[in-house]
Amino acid sequence: MKSIKNISILTLLFVFASSIAQQHLDPEYIKVTNERASKITAKLALNNTDKEKKVTDIVAQQFRDLSQIQDGRDAEIKKIKEDTALAKEKQNEKVDKLKSKADESIAKLHKSYLKKLSKELSEEKITEVKDGMTYGVLPITVAGYNDMLPNLTAEQKEYIYTALVEAREHAMDGGSSKEKHRWFGKYKGRINNYLSKQGYDLNKESADWHKRLEEREKNNKKE
């Protein structure tokens, strides 16, 4: 039993190592992550070439490190699901353990990443990096709620913002656009439940808001 466990661990390590080696050796992959990072850094307007390069390298490496963990996890999960000798229950158990291990690694990476950024950037600039990594969904969503519900109290606004900040922390580590948006969707669900308990009829509020948006668009075209 012990030897089987050892083989399993070695296999997993091999998959992770292979993924790491392939990605680091792929110039196109490195180019893509550098370009993504450069776009985020450019918007920071640091006006310091050396600092821009340092921050770009940190962000690009974060993309690569996240991908290495997630690709290794997904490759191993694929193998487990293709193993017809394993019962479904056993497959699910192994998959859950893999996901849990990967989540632990990602959480450590997240903390380390923010620590590296803090050596180069202010909190305000780090927030801009976070928004850059998550397509600016947080500020767009906050603005949307405020526009849809102009009578929100300070407490309600704080709840919405705090929930979306938490969503962004998770979304930063998402391996795809879909996964990033899924995190925000999850937290928007919580916000909507909260607002419903606060007495808002969100179906009506949303319908009224869209009418106002259409009216604004018509007026803008007239101008």
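Report follows, based on the coordinates.

Here is what the cut-offs are and how they apply
Residues numbered from 1 in each chain as written. Predicted model: local features only at pLDDT ≥ 70, side-chain atom pairs only at ≥ 80, totals over all residues. Heavy atoms only, no water. Phe/Tyr/Trp six-rings, centres within 6.5 Å; stacked < 30°, edge-to-face > 60°. Helix = DSSP H or I, 4+ residues; strand = E, 2+ residues; numbered from the N terminus. Buried < 20%, exposed > 50% of the residue type's maximum accessible area, 1.4 Å probe, protein only. Lys NZ or Arg CZ within 6 Å of the ring centre and 35° of its normal. Axes fitted to C-alpha atoms, helices over the stretch in contact; angles between N-to-C directions. Parallel < 35°, antiparallel > 145°, perpendicular 65-115°, else oblique. Contact = heavy atoms within 4.5 Å. Nonpolar A, V, L, I, M, F, W, Y, C, P; charged D, E, K, R; others polar. Polar contact = N/O pair within 3.5 Å; in protein donor to acceptor, adjacent residues only side chain to side chain. Left-handed = near helix turned anticlockwise from the far one by under 90°. Salt bridge = Lys/Arg side-chain N within 4 Å of Asp/Glu carboxyl O.

Before going further, it helps to spend a moment on the packing of aromatic side chains. Under the defined criterion, the tally for this structure stands at 1 aromatic pair. With a centroid separation of 3.8 Å and 15 degrees between ring planes, the pair formed by Y159 and Y194 is classed as stacked. Linking Y159 in helix α7 (residues 154-171) with Y194 in helix α8 (residues 177-197), this pair joins segments that are 35 residues apart in sequence. Y194 gets classed as buried once you look at its relative accessible area, which sits at 15%. If you follow R36 out to its NZ or CZ, it ends over the ring of F63, 3.8 Å from the centre. Above the face of the Y187 ring, R190 is positioned so that its terminal group lies 4.4 Å from the ring centre.

In contact at an axis separation of 9 Å, helix α6 (residues 137-148) and helix α9 (residues 202-222) are set at 95 degrees when each is read in the N-to-C sense. Our classification of the angle between α6 and α9 gives roughly perpendicular. Contacts between α6 and α9 involve G144, D147 and M148 on the former and, on the latter, L202, E205, S206, W209, R212, L213 and R216. Across the contact of α6 with α9, the residue classes break down as 4 nonpolar, 2 polar and 4 charged.

Moving on: the side chain of Q156. Looking at where Q156 falls in the secondary structure, it is placed in helix α7. What makes Q156 buried here is its relative accessible area of 6%. A polar contact of 2.9 Å, which involves the side chain of Q156, links it to the side chain of Q198. Residue contacts for Q156: discarding those within four places in its chain leaves N151, Y194, Q198 and Y200.

Between α6 and α7, whose axes approach to 10 Å, the crossing angle comes to 155 degrees. The pairing of α6 with α7 is recorded here as roughly antiparallel in orientation. Where α6 crosses over α7, the two elements pack in a sense that is right-handed. From α6, L138, T141, V142, Y145 and N146 reach across to α7, where they touch K157, I160, Y161, L164, V165 and R168. Considered class by class, the residues forming the contact of α6 with α7 number 7 nonpolar, 2 polar and 2 charged.

Now for unusual backbone geometry. Phi at A45 is positive, roughly 50 degrees, even though this residue is not glycine. Inspection of the secondary structure assignment puts A45 in the loop between α2 (27-42) and α3 (49-82). With a relative accessible area of 47%, A45 lands in the partly exposed category. Its identity is not glycine, yet Y135 carries a phi of approximately 60 degrees, on the positive side. Looking at the secondary structure, you find Y135 in the loop between α5 (123-133) and α6.

Bringing the pattern of salt bridges into the picture now. Scanning the model with the defined rule gives 12 salt bridges in all. As a salt-bridge pair, E76 and K79 come within 4.0 Å of each other at their nearest N and O atoms. Here E76 and its partner K79 are both found in helix α3, 3 residues apart, which amounts to about one turn of the helix. Residues joined by salt bridges that share partners form a network here, namely K90, E93 and K97.

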